[in-house]
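Descriptive structure summary
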Amino acid sequence: FLILTIFSINVNIPLYVVFVGAYIGKMLGDIVWFKSAKYIMPYVKKRKTLYVGYLHVESFIEHLFKKNNIIALSIIKLLYGTRVITNIYLAHNKMKLSKFIEIDLIASILWLAVFGSLGVLAGYGFKYIVNVVQNLLLAVSTLIIFFLILFLIQKRVTLWLEKK
């Protein structure tokens, strides 16, 4: 999403197109992970190391957010790599899909606002850097041409003076 936002700033794709596409894709992805928890958890429970890791994450979420799923889903989405496991955790703890979607609608808007803002700022920064580099290349090229012309004039004048 960040890369797409940076790209959209530099090629003039309307931001709302990027945001709407990312929002729909994010919601669909979250729902898929939420619904797939019933298939994933039996696999995780059979693998001791995976299940121990899951239990650590589960206890961390419960300790930190005290079963407040709205805050958990909103904040955890901002941490890289935790979105999927949080969706699985919420599904495993018997949250209804309708409640998950209701919370995820708000949490996804927050996620898009934060990362979209970062992408826009990075996009404008990238655009500025590209302009500076292009202007720098133009300035350096101009200086090289100027000094080359001066060198050629100096050579011509030197040859002309040697002939006299």
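Residues numbered from 1 in each chain as written. Predicted model: local features only at pLDDT ≥ 70, side-chain atom pairs only at ≥ 80, totals over all residues. Heavy atoms only, no water.

1. What about the environment of Leu90?
How we decide: Each helix is a run of H or I in the DSSP string that is no shorter than four residues. Each strand is a run of E no shorter than two, and both are numbered from the N terminus.
The topology assignment puts Leu90 in helix α5 (residues 83–92). Taking C-alpha positions, Leu90 is 9.5 Å from Glu58, a pair spaced 32 residues apart along the chain.

2. Digging into the side chain of Asp104
Stated formally: Categorising residues by exposure relies on relative accessible area from a 1.4 Å probe, with only protein chains included: less than 20% of the type maximum marks a residue as buried, more than 50% marks it as exposed, and the intermediate range marks it as partly exposed. When checking whether two residues touch, look at their non-hydrogen atoms; a contact exists if any pair is within 4.5 Å.
Inspection of the secondary structure puts Asp104 in helix α6 (residues 97–163). Residue classification places Asp104 among the buried residues on the basis of a relative accessible area of 0%. With near-sequence residues (within four places) excluded, Asp104 lies in contact with Met27, Asp30, Leu73 and Lys77.

3. Topic: the nonpolar core
Quick note on the threshold: As used here, the term nonpolar core means buried Ala, Val, Leu, Ile, Met, Phe, Trp, Tyr and Cys residues forming a set that is joined through side-chain atoms within 4.5 Å.
Counting residues in each nonpolar core, the largest one holds 18 residues, and the members touching the most others are Phe34, Ile61, Leu73, Leu90, Met95 and Phe100. If you list the elements that add at least two residues to this core, you get α2 (15–46), α3 (48–65), α4 (69–76), α5 and α6. Counting six residues, the second-largest nonpolar core is a separate cluster that includes Tyr23, Met27, Trp111 and Phe115.

4. So, the side chain of Glu58
Among the secondary structure elements, Glu58 is positioned in helix α3. If sequence neighbours within four positions are ignored, Glu58 has contacts with Tyr89, His92 and Asn93.

5. Let's talk about the confidence of the model for the protein
Rules: Summary of the metric used: pLDDT quantifies the predictor's per-residue confidence within the range 0 to 100.
Scored by pLDDT, the protein comes out at a mean of 82, with 97% of its residues at no less than 70. Across the protein, α2 holds the top mean pLDDT of 88, while helix α1 (residues 2–11) sits lowest at 72.

6. Description of the environment of Val18
Along the chain, Val18 falls in helix α2. Val18 sits in the buried class, given a relative accessible area of 5%. Expressed as a C-alpha distance, the spacing of Val18 and Thr5, which sit 13 residues apart in the sequence, is 6.7 Å.

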